[in-house]
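# Structural characterization, general
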Amino acid sequence: MDIKMRRLETGMDAAGRKGAAGRVAADYVLNGPHPLNRVEGEGAFADALLGPLLESFPHAQDRVDILLSGQWANGAWTASTGHVAGIFAAPLWGIPATGHVAFLRYGRFDRWIDGRMVETYLILDLPGLMMQAGVWPMARPLGAFLVPPGPQTHDGVVHEPATDAEGRKSLDLVEAMIAGLMRYDGQSLTSMRMVDFWTRDFWWYGPAPIGSFCGHADYERGHQGPFLTAFPDRKGGDHKCRIGERSYVASTGWPSVRATHTGGGWLGLPPTNLPVTMRIMDFWRRDGDLLAENWVFIDIPELLLQMGVDLFARMRELSPVALRP
C-alpha cells in the first residue's frame, strides 16, 4: 500500500481517527498551528487534534484537493491540502460554533517510516473559521474572502506513479521563482520579474486574513506590496520538506521566513519593529512552463502573537455576545 493511501486512511475525520491507531508511530510528533503547537506521542494525532475537531464537526468530511508524495532529505513524505467540512456544531479552541456548514482549510505535511506516520506539520486556517463565525477581530482582508477551490484541472489527487521528469520540471520552476523573489531591490516589485514565472491570470489563494487574488496587478496590490512594505528584510530557509510530483509542488518551513516588522499596513497593523518568524506552507500547480495556481498557508495566530496581538484573546474581548454561553 503506497503512502498516499496511508495518508487518506489518516484523514481529519472519524475514519482518520480510527485509521490512526495502526498508522501513527509511538514517537510521533505533531507540529500544529497556534494554539495547538507541538504535541508528542502516539495519541497526539487522534486525541490532541482529531478529538477537538470531531467534537466541533461531528460529521466532518476530509475533502482533499491536492495530495502528492515524494522523497526529501529525511525520508518519504506526503503533502496535502483541502478542507475539513461539515456542520460547525460546537466551539473549536474558543471559536464559537455557528450551527451551520463551515469549511476549515488546512495544509498538511506528513513524514513516514516503514508505513507509519512519524511527524506532521499542519496549518489550519483558524482565522477563516473566525470569519465564518462572524468573530474575526482584526481589519478586513484586502483580497476576497472565499473558500479556495481545488485545482482548476481537477487532477490534484492521483495515485498512479508519476515521471521524475515532470516533477523535476515543476520543482525547478518553483525554485527559480523563489530565487526571483529574493532579488527584490527594496524599491520596485518588477525587480523580482514575477511575470517570467506566472501565467497572466494566475490564482493566489492566501490565508483568510489576506484573501485571494487573480493576476499580477490584483496580487501585487493586495498581498505582495503590503507584505514587502511590512517585512522588507524577509529571508527564507529552514525547509522541512519540498517535493514535486507531476505538475504540483509542495513546500513547508517551520519557520520558513524570518523578518523584521518595520512597515505598517499589513493586516491593518502599525509597525512593531519586532523580529518575527513565520510558519508557512505553499502548494503550486504548473501549467506548461508557468505557474498557474498557488495555495498559501501562514500560521497567522502564531505570527500575530510575536507582534504582541493575542488573536484569541482579542476575539473574546470584541465578541462578548457571540461568545456568551
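Our subject is the structure that appears above.
Rules used in this analysis
Residues numbered from 1 in each chain as written. Predicted model: local features only at pLDDT ≥ 70, side-chain atom pairs only at ≥ 80, totals over all residues. Heavy atoms only, no water. Helix = DSSP H or I, 4+ residues; strand = E, 2+ residues; numbered from the N terminus. Contact = heavy atoms within 4.5 Å. Areas by Shrake-Rupley, 256 points an atom, 1.4 Å probe, with all protein chains shown as cover. Lys, Arg positive; Asp, Glu negative; His and termini not counted. Charge placed at Lys NZ, Arg CZ, Asp CG, Glu CD. Pairing = 2+ DSSP bridges. Axes fitted to C-alpha atoms, helices over the stretch in contact; angles between N-to-C directions. Parallel < 35°, antiparallel > 145°, perpendicular 65-115°, else oblique. Left-handed = near helix turned anticlockwise from the far one by under 90°. Nonpolar A, V, L, I, M, F, W, Y, C, P; charged D, E, K, R; others polar.

A count of helical and extended segments in the chain gives 8 helices and 13 strands. Seen through its principal axes, the chain has C-alpha atoms that stretch 55 × 50 × 30 Å. For the chain, restricting intrachain contacts to residue pairs at least 6 apart in sequence, the fraction spanning at least 24 positions comes to 65%. As displayed, the chain offers around 13,500 Å² of accessible surface, 53% of which is attributable to carbon and sulfur atoms. Here the chain contributes 31 positive and 36 negative side-chain charges, whose respective centroids are spaced 2 Å apart.

Within the secondary structure, Ser212 sits in strand β8 (residues 212-214). For Ser212, the contacting residues outside a window of four places in its chain are Gly143, Ala144, Leu146, Trp204, Tyr205, Gly206 and Asp218.

A word on the sheet that holds strand β4 (residues 75-87). Strand order in this open sheet of 6 strands is β2-β1-β6-β5-β4-β3, and the pairing throughout is mixed. Where the open sheet ends on each side, the last strands, each with one partner, are β2 (38-40) and β3 (61-72). The sheet shows a mean angle of 15 degrees between the axes of neighbouring strands, direction not considered. Inspection of the sheet shows strand β1 (residues 24-31) paired to strand β6 (residues 116-124) by 4 bridges, in the parallel sense. Within β6, the residue paired with Val29 across the bridge is Glu119. Relative to strand β5 (residues 101-113), helix α4 (residues 126-133) is tilted by about 165 degrees, and along the sheet it contacts β5 and β6.

The subject of this paragraph is the packing of helix α2 (residues 14-23) against helix α3 (residues 44-56). Across the interface, α2 lies against α3 with an axial gap of 10 Å and an inter-helix angle of 165 degrees. Between α2 and α3, the angle is such that the two are roughly antiparallel. Our pair here, α2 against α3, has a crossing hand that is left-handed. Only Phe45, Ala46, Asp47, Leu50, Gly51 and Leu54 of α3 make contact with α2, whose side of the interface consists of Ala14, Gly16, Arg17 and Ala20. Within the contact of α2 with α3, the residues separate by chemical class into 6 nonpolar, 2 polar and 2 charged.

Relative to strand β13 (residues 290-298), strand β7 (residues 198-205) runs parallel, the two being bridged by 4 bridges. Across the sheet, the residue bridging to Tyr205 is Trp295, located in β13. Relative to β8, β7 runs antiparallel, the two sharing 3 bridges. Bridging from a neighbouring strand, Trp204 pairs with Phe213 of β8. From the end of β7 to the start of β8, which pair antiparallel, there are 6 residues, and Gly211 there has a positive phi angle of about 100 degrees.

Nothing here speaks to function; it is all geometry.
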